Amino acid sequence: MSARRSIADLSADLADRAESFCRHYFPEGCKQGNYWQVGDTSGAKGQSLAIRLHAQGGRKAGSWADFATGEYGDLIDLLQERLGSATLKETLREARSFLGEAPCPAVPRDTQTREQPDAASSKRIARARKLFAAGKPVLGTLAASYLQGRGITRLGPALRYHPRVFLRRDEDDPDPPLRAPALLAKITDNRGQITGCARLYLDPSTGGLAAIESPKRILGQLHGHAIRFWSGSPRSDLIVGEGLENTLSVGTALAEFDLASCLTASHLGLFIPPPGIKRIWIARDNDESGRNASIRLRNQLETLGIACGELVPNMGDFNDDLRALGKDALRKSLLKAM
């Protein structure tokens, strides 16, 4: 049997189990009719990416399209995107493992960090770098107003603003793509190289997030990486959080700490710690997803010999705490827990 035929067979078998595939690899998504909807190929929350669960009207099960980026493909393509820097060989091994055909040994973490992205990933990373480079400093912009409106004063060079970023409202939008203002945040690896750009679309009339499906979207590669904010002083400890606002809320109260935002609970559990870090504080959301992500990351940190602590908000997340309690009270609460 040829390699091409083997890949086609795997793709068809995955399509037969499309819903189980989605629940396994994209737990942040949800079922909507004949589709599983999720934010993007990284697994973030949202509805920009739609995966067909059953064949319908001549269209195959397992086909997918990301209406924010224009990307599409089958479940082999999607699995490779979900795995981040995995090679095609590793993607096929993972597919066979999911189908119960063969074990899938874990890829060593140092190998993951050394691998070069494939051509498609390289194009998205290049687009992310170009987009972030086109942004301007956030001070005095709608982006700064949005963050300050949420009580956040911790900013930094990882953030920029662009008044006109490409936007498709949702998959059924018949109108041509729009452009809207957005807060941009650069995603970097442990070498400081940009691997992606987070976009938070904003509404100029309200100063809040745009009233669209999935106003928070990711371009590029997030797997294992993060948005980083440095304190200016060398430290051997690091606070790693979920969402951008959640992490910056902790940083507003604890300005002397370095921060890393992983954007979603799924990616919090996948974070690759930078060299030289001796302790990581996990600032998770107060929900089941945050709890599970924290457990996954703690288990990984233990194998690396990195000490770990957990920070849990009193309310849903730390931005809720910041707005309800104020910066000083949140600082006291966090320091008490550390």
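Residues numbered from 1 in each chain as written. Predicted model: local features only at pLDDT ≥ 70, side-chain atom pairs only at ≥ 80, totals over all residues. Heavy atoms only, no water.

**Q** How do you make sense of the overall build of the protein chain when you look at a structure like this?
**A** In terms of regular secondary structure, the protein chain is built from twelve helices and 14 strands. Accessible surface, the protein chain as shown: approximately 15,600 Å² in total, 50% of it carbon and sulfur. (Helix = DSSP H or I, 4+ residues; strand = E, 2+ residues; numbered from the N terminus. Areas by Shrake-Rupley, 256 points an atom, 1.4 Å probe, with all protein chains shown as cover.)

**Q** Whenever I open this one, the pattern of salt bridges confuses me. Can you help?
**A** Close approach of charged atoms lets side chains of opposite charge pair. Under the criterion given, the structure shown has ten salt bridges. Arg124 is paired through a salt bridge with Glu81; the nearest N and O atoms lie 2.2 Å apart. Of this pair, Arg124 sits in helix α6 (residues 119-134) while Glu81 sits in helix α3 (residues 75-82), and the two are 43 residues apart along the sequence. Like Arg124, the residue Glu81 is buried in the burial classification. (Salt bridge = Lys/Arg side-chain N within 4 Å of Asp/Glu carboxyl O. Buried < 20%, exposed > 50% of the residue type's maximum accessible area, 1.4 Å probe, protein only.)

**Q** Please clarify how the side chain of Arg217 should be interpreted in this entry.
**A** Relative to the helices and strands, Arg217 is located in strand β9 (residues 216-220). Despite its burial, Arg217 pairs with no opposite charge; the closest candidate is Asp66, at 6.6 Å N-O. Separated by 3.5 Å, the side chains of Arg217 and Ser48 make a polar contact. A polar contact of 2.9 Å, which involves the side chain of Arg217, links it to the backbone oxygen of Glu213. (Lys, Arg positive; Asp, Glu negative; His and termini not counted. Polar contact = N/O pair within 3.5 Å; in protein donor to acceptor, adjacent residues only side chain to side chain.)

**Q** Looking at this structure, how should I read the sheet that holds β9?
**A** Spatially, four strands are ordered β6-β7-β8-β9 in an open sheet, and the strand pairing comes out antiparallel. Of all strands in the sheet, those with a lone pairing partner are β6 (159-167) and β9, marking the two edges. Pairs of neighbouring strands in the sheet enclose a mean axial angle of 35°, with direction left out of account. Note: strand β8 (residues 194-201) against β9, five bridges, orientation antiparallel. Pairing of Cys197 across the sheet is with Leu219, part of β9. Against the sheet, helix α7 (residues 142-149) touches β6, β7 (178-188) and β8, its axis set at about 70° to β7. (Pairing = 2+ DSSP bridges. Axes fitted to C-alpha atoms, helices over the stretch in contact; angles between N-to-C directions. Contact = heavy atoms within 4.5 Å.)

**Q** Got a minute to help me understand the packing of helix α8 (residues 244-253) against helix α12 (residues 327-337) in this structure?
**A** When two helices pack together, you describe them by how their axes are tilted relative to each other and by the distance separating the axes. Look at α8 against α12: their axes get within 8 Å of each other, and the N-to-C directions meet at 90°. Between α8 and α12, the angle is such that the two are roughly perpendicular. Residues Ser249, Val250, Thr252 and Ala253 of α8 pack against Lys327, Leu330, Arg331 and Leu334 of α12. Within the contact of α8 with α12, the residues separate by chemical class into four nonpolar, two polar and two charged. (Parallel < 35°, antiparallel > 145°, perpendicular 65-115°, else oblique. Nonpolar A, V, L, I, M, F, W, Y, C, P; charged D, E, K, R; others polar.)

**Q** I'm lost on helix α2 (residues 18-25) in this one. Help?
**A** Residue pairs spaced three or four apart in an α-helix point in one direction, given the helix's 3.6 residues per turn. Listed as buried for α2 are Ala18, Phe21, Cys22 and Tyr25. For α2, the angular spread of buried residues about the axis comes to 95°, placing them on one side. (Arc of directions from axis to C-beta.)

**Q** I tried to follow the environment of Ala198 on my own but got confused; where do I start?
**A** One can find Ala198 in strand β8. In this structure Ala198 comes out as buried when scored by relative accessible area, which is 1%. Once the C-alpha coordinates of Ala198 and Ile227 are considered, the two residues, 29 residues apart in sequence, prove to be 8.7 Å apart. In this structure Ala198 touches Leu183, Leu184, Ala185, Ile187, Arg217, Ile218, Ile227 and Leu263, once residues within four positions along its chain are discounted.

**Q** Any chance you could explain the packing of α8 against helix α11 (residues 318-325) here in plain terms?
**A** Across the interface, α8 lies against α11 with an axial gap of 7 Å and an inter-helix angle of 45°. On the basis of their axis angle, the class for α8 and α11 is oblique. Across from Glu245, Asn246, Ser249, Val250 and Thr252 in α8, the residues of α11 making contact are Phe318, Asn319 and Leu322. Counted by class, the contact of α8 with α11 contains three nonpolar, four polar and one charged residues.

**Q** In this structure, what is going on with the nonpolar core? I would like to understand it.
**A** General note: in soluble globular proteins, nonpolar side chains tend to be found buried as a group. Among the nonpolar cores identified, the biggest contains 37 residues, and Leu159, Leu183, Ile227 and Leu244 are the most heavily contacted of them. Residue contacts for Leu183: discarding those within four places in its chain leaves Val138, Ala143, Tyr146, Leu147, Leu159, Arg160, Ala198, Arg199, Leu200, Leu202 and Leu244. (Core = buried A, V, L, I, M, F, W, Y, C linked by side-chain atoms within 4.5 Å.)

**Q** How should I be thinking about the pairing of strand β13 (residues 279-283) in this particular structure?
**A** Side chains on a regular strand alternate between the two faces of the sheet. With four of its five residues buried, β13 lies for the most part within the structure. With five bridges joining them, strand β11 (residues 237-241) and β13 adopt parallel strand pairing. Residue Ile239 lies in a different strand from β13, and its bridge partner there is Trp281. Alignment of β13 against strand β14 (residues 307-311), held across five bridges, turns out to be parallel. Looking at β14, one finds that Ala283 is bridged to Leu311.

**Q** What is the right way to look at the packing of aromatic side chains in this model?
**A** Per the counting criterion, the structure on display carries two aromatic pairs. A ring pair is formed by Phe21 and Tyr25, whose centres lie 4.9 Å apart and whose planes are at 50°; its orientation type is tilted. Of this pair, Phe21 and Tyr25 both sit in helix α2, four residues apart, which is roughly one turn of that helix. Considering the side-chain rings of Phe21 and Phe26, the 6.4 Å spacing of their centres and the 45° angle between planes classify their relative orientation as tilted. Each member of the pair, Phe21 as well as Phe26, carries the same accessibility label: buried. Pairwise contacts between aromatic rings join Phe21, Tyr25 and Phe26 into one cluster. Taking the ring centre of Phe257 as reference, the NZ or CZ of Arg235 above it sits at 4.2 Å. (Phe/Tyr/Trp six-rings, centres within 6.5 Å; stacked < 30°, edge-to-face > 60°. Lys NZ or Arg CZ within 6 Å of the ring centre and 35° of its normal.)

What is shown is where atoms sit, not what they do.
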